[in-house]
Amino acid sequence: MYNITLIPGDGIGPEVTEALLHVLEIMDIELDYTLAYAGDACYNKTGTTIPDETLSKAKKADATLFGSVTTVPGHKSAIISLRNELDLYANLRPVKSYQGINCLFDDLDFVIVRENTEGLYSGIEGYTKDGATALRVITRSASERICKFAFKHAEKTGRNKVTAVHKANVLKKTDGIFRESFYKIADEFPNIGTDENYVDAAAMFLITKPQDFEVIVTTNLFGDILSDEGAGLVGGLGMVPSANIGDNNALFEPVHGSAPDIAGLGISNPSAMILSAVMMLDYLGEHYEAKKLENALLDVICEGKVLTPDLGGSSKTMEMAQKISDKLRIS
Ligand code: NAI
Ligand code: MG
């Protein structure tokens, strides 16, 4: 039995969460859910986007599932608070082409490892006489820890190369430290190759030769931008999951946001949320169940009969969930 904290959030967050729960229900795994609140609706009800109670429920859980939230301007970001409070320093974002999805490339399988606690997301901003500034915080300790995570992940998943993405030619001090940390840690992994790209070139290589990437390690904002670009390579935001991992806690969420343009229509693609749960099951050591869930989803996608509109179909979120559930029942 695993204790899972569930934060459905806003917009399509609750829809994709409902679809996931429907699918998990028939699996041979006991999950005990604790519901928690965050985001815009939570703010309207309680005056805060991220109540202490939610943070403590996430800290106590074996893992947390997070749908998506709508940002409340001028208030704390729920997801950034969770990442910081739980010290979820590694944001793992796989980019994988699946058969049956209209991908720009059909042979991609790389992962972006994004530093999740500092960089331009430090939250240190201030107004100046004529505008404002944001502080880009890069420390040796956080850089070494994320690079170590990336190399270990390469080792664990049989990948041969880690590429550091930075802009050390312009951000000489901050990304200078990130780059130095990368090569310092690389020395501990003599069997894994290294490469480096400036972020602007990396953005182009992701389009021209993405097959060359195996593991990308980068700072917070660059990782955020490149992972949405990665999503664009493999069928869009409805397809890409993520894991936020620390030494004591982990949180799993789709890369997408609350998608207000389609919220309430019941047509959001549940795949990113379901694939996030696949990552969670792997994290919990339930590799067999993880594979079973991923395969059921992939079968439905491959058949191409019950797909949401973003995948070229005309089905509803819950119809797709039902089809995946049917596959699991007969598997
Ligand atoms: P978004 O990811 O919500 O949507 C971008 C586009 O992708 C939209 O056209 C949307 O319809 C589509 N899309 C996203 N997920 C989809 C799915 N599962 N199925 C089908 N189509 C999907 O990004 P956007 O519009 O920039 O942000 C909306 C809100 O979400 C904002 O308040 C933003 O701050 C917040 N946000 C929250 C995140 C989180 O909770 N971790 C992450 C990103 C944005
Ligand atoms: Mg993003």
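Residues numbered from 1 in each chain as written. Chains lettered and ligands numbered in written order. Predicted model: local features only at pLDDT ≥ 70, side-chain atom pairs only at ≥ 80, totals over all residues. Heavy atoms only, no water.

Draft legend 1. Main features of the overall build of the protein chain. The helix and strand tally for the protein chain stands at 11 helices and 12 strands. For a compact globule of 331 residues, the expected C-alpha radius of gyration is about 20 Å, and the protein chain comes in at 19 Å, within 12% of that figure. With respect to the principal axes defined by its C-alpha atoms, the protein chain has extents near 55 × 45 × 40 Å. Per-residue burial over the protein chain gives 53% buried out of 331 residues. Sequence-distant contacts in the protein chain: of pairs separated by 6 or more residues, those separated by 24 or more amount to 74%. Within the structure as shown, the protein chain displays about 14800 Å² of accessible surface, and the carbon and sulfur contribution to it stands at 51%. (Helix = DSSP H or I, 4+ residues; strand = E, 2+ residues; numbered from the N terminus. Rg over C-alpha atoms; globule rule 2.2 N^0.38 Å. Buried < 20%, exposed > 50% of the residue type's maximum accessible area, 1.4 Å probe, protein only. Contact = heavy atoms within 4.5 Å. Areas by Shrake-Rupley, 256 points an atom, 1.4 Å probe, with all protein chains shown as cover.)

Draft legend 2. A look at the site of ligand 1. Taken together, 20 residues sit near ligand 1, with Thr-71, Gly-257, Ala-259, Asp-261 and Asn-269 positioned nearest. Here a nitrogen atom of ligand 1 and a side-chain polar atom of His-256 are 3.4 Å apart. The backbone of Asn-269 places a nitrogen or oxygen atom 2.9 Å from a nitrogen atom of ligand 1. In the complex, 68% of the free accessible area of ligand 1, which totals 800 Å², lies under the protein chains. For the shell around ligand 1, the residue count by class is 8 nonpolar, 9 polar and 3 charged. (Near = heavy atom within 4 Å. Polar contact = N/O pair within 3.5 Å; in protein donor to acceptor, adjacent residues only side chain to side chain. Nonpolar A, V, L, I, M, F, W, Y, C, P; charged D, E, K, R; others polar.)

Draft legend 3. How the structure looks around the pattern of salt bridges. Scanning the entire structure with this criterion turns up 21 salt bridges. Between Arg-145 and Asp-87 there is a salt bridge, with the nearest N and O atoms lying 2.9 Å from each other. In this pair, Arg-145 is assigned in helix α5 (residues 140-156) and Asp-87 in the loop between α4 (78-85) and β4 (90-96), connecting sequence segments 58 residues apart. A salt bridge links Lys-327 to Glu-303; the nearest nitrogen and oxygen atoms lie 2.3 Å apart. Taken together, the residues Lys-327 in helix α11 (residues 317-330) and Glu-303 in helix α10 (residues 287-303) connect sequence positions 24 residues apart. (Salt bridge = Lys/Arg side-chain N within 4 Å of Asp/Glu carboxyl O.)

Draft legend 4. Structural detail: helix α8 (residues 220-233). Its 14 residues place the ends of α8 20 Å apart at the C-alpha level, agreeing with the 20 Å of an ideal helix rising 1.5 Å per residue. Asn-220, Phe-222, Gly-223, Leu-226, Ser-227, Glu-229, Gly-230, Ala-231 and Leu-233 are the residues of α8 that are buried. Contacts from the buried residues of α8 go to β4, β5 (109-115), β8 (161-166), α6 (174-186), α7 (199-208) and β10 (215-218). (Expected span 1.5 Å × (residues − 1).)

Draft legend 5. Region of the structure containing the packing of α10 against α11. Two elements in contact, α10 and α11, have axes separated by 9 Å at closest approach and are oriented at 120°. Considering their axes alone, α10 and α11 lie oblique with respect to each other. As for the relative orientation of α10 and α11, their crossing is right-handed in sense. Together, Lys-292, Leu-293, Ala-296, Leu-297, Asp-299, Val-300, Ile-301 and Glu-303 of α10 and Met-320, Lys-323, Ile-324, Lys-327 and Leu-328 of α11 make up the contact between the two elements. Classifying every residue of the contact of α10 with α11 gives 8 nonpolar, no polar and 5 charged. (Axes fitted to C-alpha atoms, helices over the stretch in contact; angles between N-to-C directions. Parallel < 35°, antiparallel > 145°, perpendicular 65-115°, else oblique. Left-handed = near helix turned anticlockwise from the far one by under 90°.)

Draft legend 6. Quick peek at unusual backbone geometry. Notably, Asp-87 is not glycine yet its phi reads approximately 50°, a positive angle. Positive phi outside glycine occurs at Ala-259, with the angle close to 40°. In this fold, Ala-259 is placed in the loop between β12 (250-254) and α9 (271-283).

Draft legend 7. Just the sheet that holds strand β2 (residues 31-35), in detail. Taken in spatial order, the 10 strands line up as β2-β1-β3-β12-β11-β4-β5-β10-β8-β9 in an open sheet, and their pairing is mixed. At either margin of the open sheet sits one strand with a lone partner, and together these are β2 and β9 (193-198). Strand-to-strand twist across the sheet, computed as the mean angle between neighbouring axes with direction ignored, equals 25°. Direction of pairing for β4 relative to β5: antiparallel, over a ladder of 7 bridges. Among the inter-strand pairings, Asn-91 is bridged to a residue of β5, identified as Arg-114. (Pairing = 2+ DSSP bridges.)

Draft legend 8. Layout of the environment of Leu-55. With respect to the helices, strands and loops of the structure, Leu-55 is situated in helix α3 (residues 52-60). For Leu-55, a relative accessible area of 8% translates into the label buried. The spacing of Leu-55 and Ser-81 is 26 residues in sequence and 8.4 Å in space, taken between C-alpha atoms.

Draft legend 9. Structural context of the packing of aromatic side chains. This model, assessed by the stated rule, comprises 6 aromatic pairs. Measuring from ring centre to ring centre gives 5.4 Å for Phe-151 and Phe-182, while their planes differ by 35°; the resulting arrangement is tilted. In this pair, Phe-151 is assigned in helix α5 and Phe-182 in helix α6, connecting sequence segments 31 residues apart. A residue is classified by how much of its surface remains accessible, and Phe-182, at 0% relative accessible area, is buried. Taking 5.6 Å as the distance between ring centres and 55° as the angle between the ring planes, the aromatic pair formed by Phe-252 and Tyr-283 counts as tilted. (Phe/Tyr/Trp six-rings, centres within 6.5 Å; stacked < 30°, edge-to-face > 60°.)

Honestly, it's all geometry; don't read function into it.
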